[in-house]
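One-letter residues, chain by chain:
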Amino acid sequence: MNSKHKSRSRSPHRMAHCALSAVAAVAALGLTLVGCGEKGSGARDEGKSKTTTSTGTKMLWLGDSIAGAEAPALGAALKASGVEFKDSSSDGGGTIVNSGEKITQMISGDTWKQLGKDIESFRPTVVAYQVTTYDWGSQDQQRAAYEKVIDTAKDAGAKVVLVSSPPIKIDGFYKQHEAQMRTAPKVAAEVAGKSGGTAAFFDASQVWGTDASAEKAQRAPDGIHNCQQGAATFAKWFTGKLGKQESFRPASVDSWAQKSWTGDERYSKLRCAA
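It should be emphasised that the depicted structure is a prediction, and the values quoted were computed from it without experimental measurement.

(A) Broad picture of the pairing of strand β1 (residues 58-62). With respect to burial, β1 is a largely interior element, 5 of its 5 residues being buried. Residue alternation in β1 divides its side chains into two sets, Lys58, Leu60 and Leu62 and Met59 and Trp61, and both sets are buried. As paired elements, β1 and strand β2 (residues 84-87) share 4 bridges and run parallel to each other. Residue pairing across strands places Trp61 opposite Asp87, the latter belonging to β2. Crossover handedness for the path β1 to helix α2 (residues 65-80) to β2: right-handed. Here β1 pairs with strand β3 (residues 126-130) via 4 bridges, running parallel. Of the residues in β3, the one forming a bridge with Met59 is Val126.

Here's what the structure looks like:
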């Protein structure tokens, strides 16, 4: 999704330099994974890798700017594994949940319109939606949205992966919605569990933990996004999970971790280490 909505009242990017060189950190992926980050536009990758055999899996990636910061590495990892990939995440938006508030009505409306276009043009076999920081509303509203995306994908012959977002720093912008943000992944897991195999839930706390301030969370100085190293950590985990589900063998980390995605402009906007 190419939404132009920007987060109000929070400065999305309280930026600072990471002490660790991002490229060096990604190069050391097999040994350790620690980092920082945000989003740009350079990872709008789709299409098959020219050097790998296609698995027949085509994944559409949905979410907000957090998903966008993960997308460059995720796209590289999946394409190296023979999976076609399209990043349709959105800065300052991306939610499919209409909470009744003006901002989520507007954002979710755009998301659903774009999803219809993406399904028609890209024809994904997997629609992966990362729960966004805008998935506000009651549990019934959240449930309705997650059920709708599963039904929409099913009608198009695709499966759904619902994945939780990393823990983030709850600032003034998010404070009033903190309780709703906590219920969203629980509802997503419940809906996936009742889908009869049409959808799966990937619990990203396996990667990030639940404490945004912990080293394991790999949050940027803004407490919300990740840099290259965090993106690589997530990509390795997610590709492994998807590979088990879709019966493909993930490419080795060495085949994608040090590629051009590490220079994506979204990381320079967050002032990630060069």
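From this point, the discussion proceeds with the structure in view.
(B) Main features of α2. An ideal rise of 1.5 Å per residue puts 22 Å on 16 residues; α2 measures up with 23 Å between its terminal C-alpha atoms. Along α2, the largest kink reaches about 45° and is centred on Ala71; proline Pro72 follows within four residues of it. By the criterion of burial, α2 is predominantly enclosed, with 15 of the 16 residues buried. Put simply, Asp64 is the residue that caps the front of α2, since its side-chain oxygen is 3.0 Å from the backbone nitrogen of Ile66. The first or second residue beyond α2 is Gly82, which carries a positive phi of 90°.

(C) The packing of α2 against helix α8 (residues 228-246), seen in detail. As a packed pair, α2 and α8 sit with axes 8 Å apart at the nearest point and diverge in direction by 50°. The angle between the axes of α2 and α8 places the two elements in the oblique class. Considering how the two elements wind past one another, α2 and α8 form a crossing that is right-handed. In contact with Ala69, Glu70, Ala73, Leu74, Ala77 and Leu78 of α2, α8 contributes Ala231, Ala232, Phe234, Ala235, Phe238, Thr239 and Leu242. Here the residues of the contact of α2 with α8 are counted per class, giving 11 nonpolar, 1 polar and 1 charged.

(D) Focus on unusual backbone geometry. Unlike most non-glycine residues, Arg123 shows phi in positive territory, near 55°. When you line up the elements, Arg123 lands in the loop between α3 (102-122) and β3. A positive phi angle, close to 50°, is found at Gln218, a residue other than glycine. Relative accessible area serves as the criterion here: at 5%, Gln218 is assigned to the buried category.

(E) Broad picture of the sheet that holds β2. The strand order across the open sheet formed by 5 strands is β2-β1-β3-β4-β5, and the pairing between neighbours is parallel. Sheet topology places β2 and β5 (199-202) at the edges, where each strand pairs with a single neighbour. Strand-to-strand, the axes of this sheet are offset by a mean angle of 20°, without reference to chain direction. Its contacts with the sheet put α2 on β1, β2 and β3, and the angle it makes with β1 is roughly 165°. Sheet contacts for helix α6 (residues 178-193): β4 (159-163) and β5; angle to β5, the most-contacted strand, approximately 145°.

(F) Quick look at the packing of aromatic side chains. The final tally for this structure, using the stated rule, is 15 aromatic pairs. Relative to Tyr146, the ring of Tyr129 has its centre 6.3 Å away and its plane inclined at 50°; by these criteria the two rings are tilted. A residue pair is termed long-range when its members are at least 10 positions apart, and Tyr129 in strand β3 and Tyr146 in helix α4 (residues 139-155) qualify at 17 residues. When the centroid spacing of 5.0 Å and the interplanar angle of 75° are considered together, the rings of Phe173 and Tyr174 count as edge-to-face. In this arrangement the basic side chain of Arg219 is found over the ring face of Trp208, its NZ or CZ atom lying 4.4 Å from the centre.

Calculation rules
- Residues numbered from 1 in each chain as written.
- Predicted model: local features only at pLDDT ≥ 70, side-chain atom pairs only at ≥ 80, totals over all residues.
- Heavy atoms only, no water.
- Buried < 20%, exposed > 50% of the residue type's maximum accessible area, 1.4 Å probe, protein only.
- Helix = DSSP H or I, 4+ residues; strand = E, 2+ residues; numbered from the N terminus.
- Pairing = 2+ DSSP bridges.
- Right-handed = clockwise from strand over helix to strand, strands pointing away.
- Expected span 1.5 Å × (residues − 1).
- Bend = angle between axes of the 7 residues up to and from the residue.
- Polar contact = N/O pair within 3.5 Å; in protein donor to acceptor, adjacent residues only side chain to side chain.
- Axes fitted to C-alpha atoms, helices over the stretch in contact; angles between N-to-C directions.
- Parallel < 35°, antiparallel > 145°, perpendicular 65-115°, else oblique.
- Left-handed = near helix turned anticlockwise from the far one by under 90°.
- Contact = heavy atoms within 4.5 Å.
- Nonpolar A, V, L, I, M, F, W, Y, C, P; charged D, E, K, R; others polar.
- Phe/Tyr/Trp six-rings, centres within 6.5 Å; stacked < 30°, edge-to-face > 60°.
- Lys NZ or Arg CZ within 6 Å of the ring centre and 35° of its normal.

These figures come from the coordinates and say nothing about function on their own.
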